[in-house]
Amino acid sequence: MDTLSILKELVEIESPSGKEERLARYVLTYLGKLGYDAFIDELNVLVSPEKEFIVATHLDTVRVLTPFSFDGEYAYGTGVCDAKASITAILLALERIDHPNFGVAFFYDEEEGGKGSENFSEKYKPKKAVVMEPTDLTIANSHYGGLEIRMDVKGVAAHGATPEKGENAIENCIEIIEEFKKIKETTVSVQFMHGGHEENYVIPESCKARVEFLFKPHIKTENVLEKIKAICLGKAELTVKEIYDGFLSYETASLLKEAVKKAGLEARFSDMPSWSDAVNLYHLAGCDAVSFGPGELYLCHTRRERVRLKDVELAAEVLVALNSLL
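Residues numbered from 1 in each chain as written. Predicted model: local features only at pLDDT ≥ 70, side-chain atom pairs only at ≥ 80, totals over all residues. Heavy atoms only, no water.

Peer 1: Describe the nonpolar core, naming the residues involved and giving the relevant values.
Peer 2: Among soluble globular proteins, nonpolar side chains are generally buried collectively. Ranked by internal contacts, the top residues of the largest apolar core, which has 55 residues, are Val-27, Leu-31, Val-55, Phe-106, Val-130 and Phe-292. A total of nine residues in this core trace back to one element, the largest contributor, which is helix H9 (residues 309-325). Dropping the residues within four chain positions of it, Phe-292 is found in contact with Val-130, Val-131, Met-132, Glu-133, Thr-135, Leu-137, Thr-138, Ile-139, Leu-256, Val-260, Ala-315 and Val-318. Within the second largest apolar cluster, 23 residues are counted, among which are Val-211, Val-224, Leu-225 and Ile-231. (Core = buried A, V, L, I, M, F, W, Y, C linked by side-chain atoms within 4.5 Å. Buried < 20%, exposed > 50% of the residue type's maximum accessible area, 1.4 Å probe, protein only. Helix = DSSP H or I, 4+ residues; strand = E, 2+ residues; numbered from the N terminus. Contact = heavy atoms within 4.5 Å.)

As structure tokens, this is what we get:
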């Protein structure tokens, strides 16, 4: 099958988190036809997972927002870039490799709790990994740390015509977020906010928000969390949903650089500002993990998600080159 056909079939098998089984079976069958002894462990699809070096990506997507389409250069649709372009690149590479020198892992549950890579990391303990995520074919050797919090901000309800008689929870929440933005060297991403009632015409007594904080590896999560708690003290009920330190890749990044150059591309380095399975591989297995893959991260999870077909093929070229260097 050609690149477009593989990518189209993968995207048209809907696989939101928790519903990856059909796609896992498809990938398993595809690998079998290529002659690989693949198997399913829980819902992870694996080939030679005992190897010290693995290439990995994930099966699941966010909920489907847009169907597959192709304009002659770019493919569009939910999951097309995150991360079915990477699945396609791995399958294309494996079709061309006679003797794989790396193991392969297709993880489930990346978009939710990361259970796939968590269980894999604890069981197999790889030493090095290329985790395929949309990096626009740059070598993302600097992985950000992160914090995700939920806030419940209180106020005092009052009729909408007399706001001075109450305390607006939405305005209180916005003030707290503005204070968050003053934390140095930290990106603040407000992803959800809800307060008030459309019908009641009152200023709200409660406002809930989900906020993510992202920062480079030299910033420690406990320091950021202390500042967040100080800002919220007496103003908001705080729940920490996710917390992890960032890290750098060294040997794997260097090896991937050589593979990129061997494939005829310019080796460019970048940051990975988002959580990925690389976090579990690093923290749970002590794995030197680097992110790399086709597509643009900023478009993922949106209705504009896309990937350039040529970049999928170039990613496959890099994997073939990487295998020859191992």
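Text resumes after the structure shown.
Peer 1: Explain the packing of aromatic side chains to me, and be specific about the residues and the numbers.
Peer 2: Summed over the entire model, instances satisfying the criterion amount to six aromatic pairs. Relative to Tyr-76, the ring of Tyr-74 lies with its centre 6.4 Å away and its plane at 45°, an arrangement referred to as tilted. Each ring, one from Phe-120 and one from Tyr-124, has its centre 5.0 Å from the other, and the planes form 35°; the classification is tilted. Highlighted residues: Phe-120 and Tyr-124, both in helix H4 (residues 115-124), separated by four residues, approximately one helical turn. Joined through ring pairs, the aromatic side chains of Phe-107, Phe-120 and Tyr-124 make up one cluster. Across from the ring centre of Tyr-74, 4.1 Å away, lies the NZ or CZ of Arg-306, which sits over that ring. (Phe/Tyr/Trp six-rings, centres within 6.5 Å; stacked < 30°, edge-to-face > 60°. Lys NZ or Arg CZ within 6 Å of the ring centre and 35° of its normal.)

Peer 1: Could you give an account of the layout of surface pockets, naming the residues involved and the relevant values?
Peer 2: Approximately 1,100 Å³ is the volume found for the largest pocket. Lining the largest pocket are 36 residues, with Val-62, Glu-111, Gln-191, Glu-212 and His-301 positioned closest to its centre. The set of elements that each furnish at least two residues to the lining of the largest pocket consists of strand E9 (145-154), strand E11 (187-195), strand E13 (206-215), strand E14 (236-244) and helix H8 (277-285). For the lining of the largest pocket, the element with the most residues is E14, which contributes four residues. Residue classes in the lining of the largest pocket are distributed as 12 nonpolar, 11 polar and 13 charged. (1 Å grid on protein atoms, 1.4 Å probe; cavity = no way out; pocket = protein on both sides within 12 Å on 5 of 7 lines; lining within 4 Å. Points joined across faces, edges and corners; volume = space filled by probe spheres on them. Nonpolar A, V, L, I, M, F, W, Y, C, P; charged D, E, K, R; others polar.)

Peer 1: For the pairing of strand E3 (residues 53-58), give the residues involved together with the corresponding values.
Peer 2: Along E3, six of the six residues are buried, which leaves the element largely enclosed by surrounding structure. Across four bridges, the pairing between E3 and strand E7 (residues 128-132) is parallel. Across the sheet, residue Ile-54 finds its bridge partner in E7, namely Ala-129. Relative to strand E6 (residues 103-107), E3 runs parallel, the two sharing five bridges. Across the sheet, Ile-54 pairs through a bridge with Gly-103, a residue of E6. (Pairing = 2+ DSSP bridges.)

Peer 1: Give a description of helix H1 (residues 3-12) that names residues and reports values.
Peer 2: Every buried residue of H1 is listed here: Thr-3, Ile-6, Leu-7, Leu-10 and Val-11. On an axial view of H1, the arc spanned by its buried residues comes to 125°, and they lie on one face. (Arc of directions from axis to C-beta.)

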